[in-house]
Each structure stands twice: as C-alpha cells, then as structure tokens.
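Spelled out, the chains give:
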Amino acid sequence: MTALSPSYVSSLVTLGAGVFMAGALAAAPAVANDAASGPMTPHWSFANVSLNYLDWSNGTEARTASNAAKSDFTFVEIEGGVGFSWGEFYGFFDFENPTNDQFDEASGGKDNFRTAGKVTSHIYLGDSPLSIYAHVYDFRDYGFNAREQDQILGLGYRTTFANGLWFKPFIGAARVQSDGYTGMNGYMAGWVAGYDFTALDQNFSVTNWHEQTFGRDSDYLSQNFVNGTAGSVGTNGALSLWWHPSDLITTGVQYRYSENKLGTPDAYQNAMIYSVKLNLL
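Residues numbered from 1 in each chain as written. Predicted model: local features only at pLDDT ≥ 70, side-chain atom pairs only at ≥ 80, totals over all residues. Heavy atoms only, no water.

Please clarify how the overall build of the protein chain should be interpreted in this entry.
Across its full length, the protein chain holds three helices and 13 strands. Within the protein chain, the proportion of its 281 residues that are buried is 44%. A total of about 13,700 Å² of accessible surface is found on the protein chain, and carbon and sulfur atoms cover 61% of it. (Helix = DSSP H or I, 4+ residues; strand = E, 2+ residues; numbered from the N terminus. Buried < 20%, exposed > 50% of the residue type's maximum accessible area, 1.4 Å probe, protein only. Areas by Shrake-Rupley, 256 points an atom, 1.4 Å probe, with all protein chains shown as cover.)

Would you take a moment to explain empty space enclosed by the protein for this structure?
Sizing a probe to match a water molecule and rolling it over the atoms shows the empty space that remains. Within this structure, the stated rule accounts for one cavity of 30 Å³ or more. Quantified by volume, the largest cavity comes out at close to 70 Å³. Lining the largest cavity we find Glu148, Asp150, Ile152, Ala174, Arg175, Val176, Asn185, Met188, Thr213, Arg216, Tyr220 and Lys261. For the lining of the largest cavity, the elements supplying multiple residues, two or more each, are β6 (146-157), β8 (166-178) and β9 (183-199). Considered class by class, the residues forming the lining of the largest cavity number five nonpolar, two polar and five charged. (1 Å grid on protein atoms, 1.4 Å probe; cavity = no way out; pocket = protein on both sides within 12 Å on 5 of 7 lines; lining within 4 Å. Points joined across faces, edges and corners; volume = space filled by probe spheres on them. Nonpolar A, V, L, I, M, F, W, Y, C, P; charged D, E, K, R; others polar.)

Help me understand the packing of aromatic side chains, please; the structure alone is not making it clear to me.
What describes a pair of aromatic rings is the distance from one ring centre to the other and the angle between the planes of the rings. Here the structure, examined in full by the defined rule, presents 16 aromatic pairs. For the pair Phe167 and Trp191, a centre-to-centre distance of 6.3 Å together with 50 degrees between the ring planes defines the contact as tilted. Remark: Trp191 occurs in strand β9 and Phe167 occurs in strand β8; sequence separation between them is 24 residues. Between the aromatic rings of Tyr181 and Tyr220, the centroid separation amounts to 6.3 Å while the plane-to-plane angle is 65 degrees, which identifies the pairing as edge-to-face. You can see Tyr181 sitting in the loop between β8 and β9 and its partner Tyr220 sitting in helix α3 (residues 218-223), a full 39 residues away along the chain. We note that Tyr181, like Tyr220, is buried. Put simply, the rings of Trp44, Phe46, Tyr90 and Phe92 touch in pairs and so form one group of aromatic residues. (Phe/Tyr/Trp six-rings, centres within 6.5 Å; stacked < 30°, edge-to-face > 60°.)

I'm lost on the pattern of salt bridges in this one. Help?
A side chain with one charge can pair with a side chain of the opposite charge if their charged atoms come near. Scanning all chains against the criterion turns up five salt bridges. Lys118 is the partner of Glu211 in a salt bridge, and the nearest nitrogen-oxygen pair spans 2.6 Å. Here Glu211, found in strand β10 (residues 202-214), pairs with Lys118, found in strand β4 (residues 114-124); they are 93 residues apart in sequence, far enough to count as distant. Residue Glu211 is classed as buried on the basis of its relative accessible area, which comes to 9%. Here Arg140 ties to Asp138 by a salt bridge, and the two come within 2.7 Å at their closest N and O atoms. (Salt bridge = Lys/Arg side-chain N within 4 Å of Asp/Glu carboxyl O.)

Help me out: how do you make sense of unusual backbone geometry in this one?
Note on backbone geometry: most residues besides glycine have negative phi, and most peptide bonds are trans. For Asn97, which is not glycine, the phi torsion reads 50 degrees and is therefore positive. One can find Asn97 in the loop between β3 (87-96) and β4. Not every positive phi belongs to a glycine, and Asn145 is a case in point at roughly 50 degrees. For Asn145, the position within the fold is in the loop between β5 (130-141) and β6. On the basis of relative accessible area, Asn145 is assigned to the exposed category, the value being 63%.

Before we go on, may I ask you to explain the side chain of Ser240 in this structure?
With respect to the element layout, Ser240 can be found in strand β11 (residues 234-244). With a relative accessible area of 5%, Ser240 lands in the buried category. In terms of polar contacts, Ser240 uses its side chain to reach the side chain of Gln254, at 3.3 Å. Excluding anything up to four places from it in sequence, Ser240 contacts Ser205, Val206, Thr207, Val253 and Gln254. (Polar contact = N/O pair within 3.5 Å; in protein donor to acceptor, adjacent residues only side chain to side chain. Contact = heavy atoms within 4.5 Å.)

Looking at this model, I keep getting lost on the confidence of the model for the protein chain. Mind explaining?
Detailed reading of predicted coordinates is not advised where the pLDDT is low. With 87% of its residues at a pLDDT of 70 or more, the protein chain has an overall mean of 90. Confidence drops under pLDDT 50 across residues 6-35; counting only partners more than four residues distant or on other chains, this segment forms 41 contacts. (pLDDT = per-residue confidence, 0-100.)

Is there a simple way to explain the pairing of strand β1 (residues 44-56) in this structure?
Looking at chain direction, β1 and strand β2 (residues 73-83) are connected through eleven bridges and run antiparallel. Residue Trp44 lies in a different strand from β2, and its bridge partner there is Gly83. Where β1 lies against strand β13 (residues 268-279), nine bridges are found, and the strand directions are antiparallel. In the strand pairing of β13, Leu54 is matched with Ile273. (Pairing = 2+ DSSP bridges.)

I tried to follow the environment of Tyr142 on my own but got confused; where do I start?
Looking at where Tyr142 falls in the secondary structure, it is placed in the loop between β5 and β6. Residue Tyr142 is classed as buried on the basis of its relative accessible area of 12%. In this structure the C-alpha to C-alpha distance between Tyr142 and Asn112, which are 30 residues apart in sequence, comes to 7.8 Å.

This is the structure we're talking about:
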C-alpha cells in the first residue's frame, strides 16, 4: 500500500473518533445499584468488528460502467452504539479494499482503498419520544481525491411496538462538504428499524436503514455525479437478515439499494453484502 497522506491520516482520526468514543462509552461497566447510576451509566450498548463482502448485481455494474463504475469489494467495519437516559449514539467506520493502494492500477481505480464513516445521535427531549437528531457521514476515495461529508440536523422519534418492533424515523436539513460542492443541500428523511425473532431454536433479527434525500441543490446534482446530472430525490438504504448463533458471533446478508446516489445519476444500484461479526460487547 502506498504511504498515507497527512490528510488521509487526519480524516481517519476525525471520523474514527466518534466511533471509538462511542465504543469506549459502551465499554464502561454498568452500575448494578440504580441509586448509584449517573447520567453516564449506559442503559444499553454494543460493539463489534466485522468482515464483509459487497457483491454488486450484474445490472448495476452494467448501468454504472461509464458513470462512477461499481466493482465488488471487501471491507472491514468497526461498529458500536450506546444509550443513556438522556440520549443515544451510533457509529461505524469502514475500510474498503483494505489491502489495496489508494489508487489501484489494476482496476483503473475501481478498487481503490477507501474509507467511510458515520456517527448518529438522538438527544432526547425530556420524557417524550421526540429527540434532536444529528448525523455525519463521510466518504473518502483518495485515488481520485474525492470526498463527501453529509451533515444532517433535525428532529427524531423513537418507538417500540408491542410485538417488539422498534422504529426510529428522522427528518432534517442537509448540508454537504465535498470536493465538488459545499453548502446547504435540501433535506433528508429516513429511519432505522429492527425486529428480533426466534426460528428453529435459533435467534435472528431483521433490520432496515433507509434515507431519502430531496430538494438537493442543483450545483450539487451537476458537480457531484459522473457523466450526468442527478434528480433532486435520492434513495439509499439496506434491508438485512442477521443470525445470532452465539453471543460472540453474528452472521448476516444484506440487500443494499440506492438510486441517484453514490456518484451515479438516474440509475438504480443494488448489491448483496455478506457479513461475519465478532461481537465485543
């Protein structure tokens, strides 16, 4: 792998800080005595490291061949979350094509070493199910000097239904910082949801994250997409099935979907992701 640039190292430190901070908070031991519990006592927490393989559909590879071409890749992910009486935090950091150079000559740049990270938060509004919602997502492809950071600030909601299904929608104003365009960029609405169940004496769960961007700036739509201008509405998400054979191991398959996102205008993109997680908490 080529030497890491100072800007690359800086981005790792900046984006990884949120994930590792959440992990450190999650690792803090819970206090057994409720009377001794304080505001920094976690009510729930999790952390894991995973190995993942993303396999784009043949149709996606054909549709994106001339505009932000997609290629299958392996990525290592660090993920964690923690909840307190006053709010909750979630984060991940991905190392895509971790053994490749920043510019991969053999693939013409399709298999560059890349990084992606995200931190989200709900700050509860008293005892209501409403929250102040914020998230930051950052993607870097140093082989093409490409970067994009999405910043969302708005209102969230949290609920768990009687059957155990949990649902956390949000909506907020969007701002972007990138090599192509920097400024306000419309709005984002979306959710994360999940449901745990048992089948054949095994533990499973289904999860879904979904993001819908709309009202995006025309300069962003023309400058941040390859060989074309994207529509103002963008779709991004994944639907996942997880198997929990033990407390230590989780395996799963995810259906990844996107349209008018990931650098490709006016084309549906989909992939399967195969994952194995080592649960640390």
